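# Summary of structural features
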Amino acid sequence: MAAARSCGRAALGALGRDGGGAAARWGRALPAGRSALRLPLPPGRSALRWVPARNAAAGPGQRQAVTVEVGGRKMELSSGKLAKFADGCAVVQLGDTAVMVTAVSKTKPTPSQFMPLVVDYRQKAAAAGRIPTNYLRRELGSTDKEILTSRVIDRSIRPLFPGGYFYDTQILCNLLAVDGVNDPDILAINGASAALALSDIPWNGPIGAVRVGLVDGETVINPTRKQMSSSALNLVVAGAPQSQVVMLEATAENVLQQDLCHAIKVGVKHTQHVIQGIQQLVKERGVVKRTGQKLFMAPEEIVECARKLASNKIYAVFTDTSHDKISRDEAINKIRLETEEQLKEKFPEAEPYEIMESFNVVSKDIFRNLVLNEYRRCDGRDLTSLRDIKCEVNMFKMLHGSALFQRGQTQVLCTVTFDSLESSVKSDLISTVVRCTKTAENVSLSARFKPQVNPLFFTPQFPPYATNEIGKVTGMNRRELGHGALAERALKPVIPPDFPFTIRVTSEVLESNGSSSMASACGGSLALMDAGVPVSSAVAGVAIGLITKCSQEKGDIEDYRLLTDILGIEDYFGDMDFKMAGTNKGITALQVDLKLPGIPIKIVMEAIQQATAAKREILHIMNQTLAKPRPNRKESGPVVGNVGCVNSYLS
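Scoring rules and cut-offs
- The residue count restarts for each chain, going from 1 along the sequence in the order it is written.
- Totals for whole chains, interfaces and linings use all residues, but because this is a predicted model, local features are given only for residues with pLDDT of at least 70 and pairs of side-chain atoms are given and counted only at 80 or more.
- Note that water and hydrogens are dropped before the side-chain values are worked out from all heavy atoms of the structure.
- Strand pairing requires that DSSP identify at least two bridges connecting the strands.
- Helix and strand assignments follow DSSP, with helices taken as H or I runs no shorter than four residues and strands as E runs no shorter than two, numbered in order from the N terminus.
- Axis definition: a line fitted to C-alpha atoms, limited for helices to the stretch in contact. Angles are taken between N-to-C directions and run from 0 to 180 degrees.
- Contacts between residues were defined by any pair of non-hydrogen atoms, one from each residue, lying within 4.5 Å.
- Whether a residue is buried, partly exposed or exposed follows from its accessible area with a 1.4 Å probe, protein chains only, as a fraction of its type maximum: under 20%, in between, or over 50%, in that order.
- Oblique is the label for any angle not under 35 degrees, not over 145, and not in the 65 to 115 range, which are roughly parallel, roughly antiparallel and roughly perpendicular in turn.
- Crossing handedness: left-handed means the near helix sits turned counterclockwise from the far one by under a right angle, and right-handed means the same turn made clockwise.
- Polarity classes work like this: nonpolar for Ala, Val, Leu, Ile, Met, Phe, Trp, Tyr, Cys and Pro, charged for Asp, Glu, Lys and Arg, and polar for all others, with Gly in that last group.
- Between rings of Phe, Tyr and Trp, where Trp is taken as its six-membered ring, a pair exists when centres lie within 6.5 Å; planes separated by under 30 degrees are stacked, by over 60 edge-to-face, and by other angles tilted.
- A ring is scored as having a charge over it whenever the NZ atom of a lysine or the CZ atom of an arginine sits within 6 Å of its centre and within 35 degrees of its normal.

### As for the sheet that holds strand β12 (residues 401-407)
An order of β11-β12-β13-β17-β16 is seen for the five strands of this open sheet, with the pairing classed as mixed. In this open sheet, the two edge strands, each paired with only one partner strand, are β11 (389-393) and β16 (456-461). Ignoring strand direction, the axes of neighbouring strands in this sheet form an average angle of 15 degrees. Relative to the sheet, helix α13 (residues 516-530) contacts β11, β12, β13 (410-419), β16 and β17 (502-511), its axis offset from that of β12 by approximately 145 degrees.

Okay, here's the thing in structure tokens:
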């Protein structure tokens, strides 16, 4: 009885602290007057045993599952057995690799004026049959692999949340088991999609994700680790219904443009199979989304008033090509302050967010209409022109290699440092175990579990002064880590495999006004050649933006414009950040982030074509500074040599 009273007090305390959020979760877990509803099984679907009433807690063993065939292999998506207090939970299994993903969203809004989404992907040592080797013998902070995978999941699901949904939302991806053959990151993306779709959280999904490899010139869907070891392409595709593209991430061994385009089309086609499986699971569970939650949107009345007060002034600033980033921001901010004061006087009962967002809506509409209707950009360029580019190498004699790359108001200083191969970055033990292939033949156990060595690694630095701000200088945040990983993937394919040193490329962003990661790839390529690294070819990168006009009824894209070499403001007001890097021959890295819930493949193909033309133009400018690697390394760098020993002395 004492234990029962204690549990009751704890439950009441949770209800009081959460302000109704806990009550909503308890209500969903144990709905009053609701019981499990048994349904007849469809023929041939023994996995679908029963469907609980709306979000009711299923007992042990009571689960629903669907099996989807993707690339000739079966992927199982299930729900209803684990983590039933979460708003949504899904387990995705391919082979013997399984990932559980949960989704929870608060019922009270946050004061933040953005979508507060947190995605955490964690690799558990127990899933690989290992014990962590650190002194505490447990999982500690997130590894680079976990952070980068979390970013990929975030970029895949974030565009599908409704606008103005400012409710804390958390996605947790728990690696349950790993077989060393199937990569769990793709399962985590599909699990996040299924968990959100099966929950009552407002979300305009589902999406599906696949990995596409290129083995012996043939595309392979969700390749095994053994197949990936000989693949020239590592492409992750996240697609939405109706063959829309939501997210792309690729590493390539100088793959030709036509091969990449074909791989994207094949990948999008197979994502539809995953989407159909999730839709079937959602339909059979009878999911009902939340209603009555406020979406933070600017009232039309205040928007129209802001338009009358400020549209002409904003238009004048955006069409004045003499402005740079700082002066343009200051001019817009001055108009903002004046307009907001007038709006507060006219709408005294309006919330501060509604006043601020009304001005943002007007500014965004004017900026986008300039591009869509007048084909004009705020810095005076046409839609396909690059900003002015300047390159310098050999900045400081004591450095092993250095380069300064300036594109418009984006300036990056890159340096190269050589050291022994023992100084290379080694992957953490769990990532190594996850990557091992149990089907490998003639490989000793110690060799299979030896940490992978990375002879080239990239260190990005983005200090606050690069954007005229003040901030705390700490270690790399998630954004910097992602930018560094993208630039590293762009450069790695051109490094000779037998280079005798570990190479560290450091990129310090001195000024930032758009596409600093692609500037880092360009500067890193020049610094490598300045250091005498015999790269197979120079590498350049560029960012392509997108401005769209969508129909009011269906939300379909009616018109659009692609922008080459986007500014920071074009990224902010635009719909896409499409980054592509490569050589004159092919493509080495690709990253596509969207703010829309999906775009047609046709737009992606056009963006690749436009980026390819810009990449060649950038390489031509870079070659005028340094066309090929220096024949010898600098005297300030380390040397490597062989020492011979006579057998008679050894005996």
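### Quick notes on the pairing of strand β10 (residues 244-255)
Counting buried positions along β10 yields ten of twelve residues, so the element is predominantly enclosed. One ladder, built from eight bridges, connects strand β9 (residues 233-240) with β10; its direction is antiparallel. For Val237, the partnering residue across the bridge sits in β10 and is Leu248. The hairpin formed by β9 and β10 contains three residues between the paired strands, and Gln242 there has a positive phi angle of roughly 65 degrees. Summarising the sheet, β10 and strand β22 (residues 599-600) pair through two bridges and their orientation is antiparallel. Residue Val245 lies in a different strand from β22, and its bridge partner there is Ile599. When β10 meets strand β21 (residues 587-594), the two strands line up antiparallel, connected through five bridges. Opposite Val255, over in β21, you have Ile587 as the bridge partner.

### Points about the packing of helix α3 (residues 144-157) against helix α4 (residues 184-198)
Viewed as axis vectors pointing N to C, α3 and α4 meet at an angle of 40 degrees, and their least axial separation amounts to 10 Å. For the element pair α3 / α4, the angle class is oblique. Crossing of α3 against α4: the hand is right-handed. Here α3 contributes Lys145, Thr149, Val152, Ile153, Ser156 and Ile157 to the contact with α4, which in turn contributes Asp185, Ala188, Ile189, Ala192 and Leu196. Its residues assigned to classes, the contact of α3 with α4 shows seven nonpolar, two polar and two charged.

### Considerations on the packing of aromatic side chains
In total, this model carries 13 aromatic pairs according to the counting rule given. Ring geometry for Phe418 versus Phe499: centroids 5.5 Å apart, planes at 55 degrees, classification tilted. Of this pair, Phe418 sits in strand β13 while Phe499 sits in the loop between α12 (478-491) and β17, and the two are 81 residues apart along the sequence. No difference in accessibility class separates Phe418 from Phe499, as the two residues are buried. An aromatic cluster is present here, built from Phe161, Tyr165, Tyr167 and Trp203 joined pairwise through their rings. A cation over a ring is seen here: Arg479 above Phe462, with NZ or CZ 4.8 Å from the ring centre.

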